[in-house]
Amino acid sequence: MERIKLLQELVVKNQSKILFWVFDGIGGLPHPETGKTELETANIPAIDAFARSASCGGLVPHGAGVTPGSGPGHLSLFGYPLDQFDLPRGVLEVLGAEDVFFNGELASDVSIRAGDLAMRGNFATLEKRGDQNVISDRRANKIATAESRRVCQKLSRELSVEGYEIYVYPGKEHRFALLLRGPGLAGGLSDADPQKSGVPPKPVEAESPEAERSASIVNAIIDQATRILSEEPEANTVLLRGIGAAPKIPTLEELYGIRAAAIATYPMYKGIARLVGMDVLEVGSMEHADEVKTLEEAFDDYDFFYLHIKETDGFAHVFDFDGKVGVFESCDPLFKRVTEMGFDVIALTGDHCTPAVLGDHSWHPIPTALWSKTVLGGGVEAFSEREVLRGTLGLRASRDLLPLALAEARRFNKFGA
């Protein structure tokens, strides 16, 4: 935080424009048959040309060997030290939800606020065995998503805690999320999920004195939910975990004086952008061309743009190497288009790596290229996982990328005499 305060003191506002083009899960590993990674395989002439004029290297979100999730990966990318700004899993689940019920009705524009208490949930099956109630199925037989949605709406309509608002977010099958809003809430609560069937549910316990009130409220919600759902054949109770309070995060405008906008089509990334104070711009469809069109239309209105491409990560999670390669190739002419728009600084990067051969996030350096008219470039011939590591950017903490971009945009004064 001391470094952030120092940078704040150096901030200068000007008319420069900065773009972060983020391929989710950008980096990969060699295919067992070809020995080439996804980026080495892709035919991306515009991106390769961009890399040759940029400063290239690899980003590390949270220290060597640590595999980041999407939330921490993005927070780090936007310059927030992860040891000082933590997003509990419940907060991430809420950020990633597509819909929310409030008082039994679909609600809109429910942005999570600092101090809100968020949690993940499973619908589960509770049954009487002897003299105690036990969880016979932690996932309520993986009830159908449509059925789970109906139960979420029912909970939203009937749950009530005086002085507090309760939002219920449906997920897939047995999964959901819940957000509690009101005075005096605090994180630091244990899970109510015993993590196995055949045992009684666990009460939530406070891990600090300031969380006692929150623990009491959450336990009351669990008891209410069990009564409300008592006639349900499978989803007759809830198991809550990952309970945490949304932190107070200073916005990018508060920190660096930049008006920031996000262009993203998936809920979690919109939510994270809102959390750091970005305006989330409407995109006409899920098509990448429409994301670029939105960027072009809003170019004059903001200082900083975050454009997010999700599908590279999506294909990698299902081990689809060629699908991920195809996303890079289809975006190559679109990326060339944005390089001709007049940005002063462009960063091509990702929030983490998701190699298709692993099917999940990994700890590898995130391929990154940072361009401006004054950047110290050179050393690379193409944009790929291995080639970028020869570049002048070197290995950097992800949180350093935004300050470097601001410096290249001449948005910092000199430090000292």
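What you see is a predicted model; the values in this text were computed from it and never measured.

## A word on the domain arrangement of the protein
Right, on to step 1. For the protein, the domain assignment lists domain 1 (1-86 + 249-409) and domain 2 (92-246).
Right, on to step 2. Each of domain 1 and domain 2 has a C-alpha centre, and the two are 34 Å apart.
Right, on to step 3. Contact with domain 1, which involves eight residues of that partner, is made by seven residues of domain 2.
Right, on to step 4. A per-residue breakdown of the area domain 1 buries against domain 2 is headed by Pro 267, Met 268 and Leu 275, which together make up 60% of the total.
Right, on to step 5. Taken together, the links from domain 1 to domain 2 amount to zero salt bridges.
Right, on to step 6. Inspection of the region where domain 1 meets domain 2 yields zero residue pairs in polar contact (both at pLDDT 80 or more).
Right, on to step 7. Secondary-structure elements contributing two or more residues to the side of domain 1 that touches domain 2 are α4 (70-77) and α9 (267-275).
Right, on to step 8. It is α9 that contributes the most residues to the side of domain 1 that touches domain 2, six residues altogether.

## Considerations on the packing of aromatic side chains
Right, on to step 1. According to the stated counting rule, one finds 12 aromatic pairs in the structure shown.
Right, on to step 2. Plain terms: the ring middles of Phe 305 and Phe 343 are 6.0 Å apart, the flat faces sit at 85° to each other, and that makes the pair edge-to-face. A residue pair is termed long-range when its members are at least 10 positions apart, and Phe 305 in strand β12 (residues 304-309) and Phe 343 in the loop between α12 (321-339) and β13 (345-349) qualify at 38 residues. Just as Phe 305 is buried, Phe 343 falls in that class too.
Right, on to step 3. One aromatic cluster is present, formed by Trp 21, Phe 23, Phe 50, Phe 328 and Phe 335 through successive ring pairs.
Right, on to step 4. The positively charged end of Lys 17 is found above the aromatic ring belonging to Phe 299, 5.4 Å away from the centroid.

## What about α12?
Right, on to step 1. Relative to the 27 Å expected for 19 residues at 1.5 Å per residue, α12 spans 27 Å between its end C-alpha atoms, a close match to the ideal helical length.
Right, on to step 2. Taken as a whole, α12 carries its principal kink of about 40° at Asp 332; the proline Pro 333 stands between one and four residues after it.
Right, on to step 3. Considered for burial, the residues of α12 that qualify are Phe 321, Gly 323, Lys 324, Val 325, Val 327, Phe 328, Cys 331, Asp 332, Leu 334, Phe 335 and Val 338.
Right, on to step 4. Residue Asp 320 occupies the N-cap position of α12, its side-chain oxygen lying 3.4 Å from the main-chain nitrogen of Asp 322.

## Observations concerning helix α1 (residues 2-10)
Right, on to step 1. Here α1 has its buried residues at Ile 4, Leu 7 and Leu 10. One face of α1 carries all of its buried residues, which in axial projection span an arc of 115°. Across α1 from its buried face, at more than 90 degrees, point the exposed residues Glu 2 and Glu 9.
Right, on to step 2. Check the buried side of α1 and you find it contacts α8 (252-256) and α13 (401-408).

## What about the packing of helix α3 (residues 45-52) against α12?
Right, on to step 1. Running from N to C, α3 and α12 cross one another at 45°; their axes reach a closest spacing of 7 Å. With respect to each other, α3 and α12 are oriented oblique. Only Asp 332, Phe 335, Lys 336 and Thr 339 of α12 make contact with α3, whose side of the interface consists of Pro 45, Ala 46, Ile 47 and Phe 50.
Right, on to step 2. In terms of residue class, the contact of α3 with α12 is built from five nonpolar, one polar and two charged.

## Comments concerning the pattern of salt bridges
Right, on to step 1. The tally for this structure, following the rule as stated, stands at 20 salt bridges.
Right, on to step 2. Two residues, Glu 93 and Arg 89, come together in a salt bridge whose shortest N-O distance is 3.6 Å. Of this pair, Glu 93 and Arg 89 both sit in helix α5 (residues 89-95), four residues apart, which is roughly one turn of that helix.
Right, on to step 3. One salt bridge connects Lys 310 with Asp 313, and the closest N-O pair in it is separated by 2.7 Å.
Right, on to step 4. In the salt-bridge network here, residues are joined through shared partners; they are Glu 147, Arg 150, Lys 154 and Glu 232.

## Comments concerning the environment of Trp 363
Right, on to step 1. Checked against the element boundaries, Trp 363 lands in the loop between β13 and β14 (366-372).
Right, on to step 2. Classification of Trp 363 as partly exposed rests on a relative accessible area of 47%.
Right, on to step 3. Setting aside residues no more than four positions away along its own chain, Trp 363 makes contact with Gly 65, Val 66, Thr 67 and Leu 358.

About the cut-offs
Residues numbered from 1 in each chain as written. Predicted model: local features only at pLDDT ≥ 70, side-chain atom pairs only at ≥ 80, totals over all residues. Heavy atoms only, no water. Domains from an automatic or database assignment. Contact = heavy atoms within 4.5 Å. Buried area = accessible area lost by both parts, 1.4 Å probe. Salt bridge = Lys/Arg side-chain N within 4 Å of Asp/Glu carboxyl O. Polar contact = N/O pair within 3.5 Å; in protein donor to acceptor, adjacent residues only side chain to side chain. Helix = DSSP H or I, 4+ residues; strand = E, 2+ residues; numbered from the N terminus. Phe/Tyr/Trp six-rings, centres within 6.5 Å; stacked < 30°, edge-to-face > 60°. Buried < 20%, exposed > 50% of the residue type's maximum accessible area, 1.4 Å probe, protein only. Lys NZ or Arg CZ within 6 Å of the ring centre and 35° of its normal. Expected span 1.5 Å × (residues − 1). Bend = angle between axes of the 7 residues up to and from the residue. Arc of directions from axis to C-beta. Axes fitted to C-alpha atoms, helices over the stretch in contact; angles between N-to-C directions. Parallel < 35°, antiparallel > 145°, perpendicular 65-115°, else oblique. Nonpolar A, V, L, I, M, F, W, Y, C, P; charged D, E, K, R; others polar.

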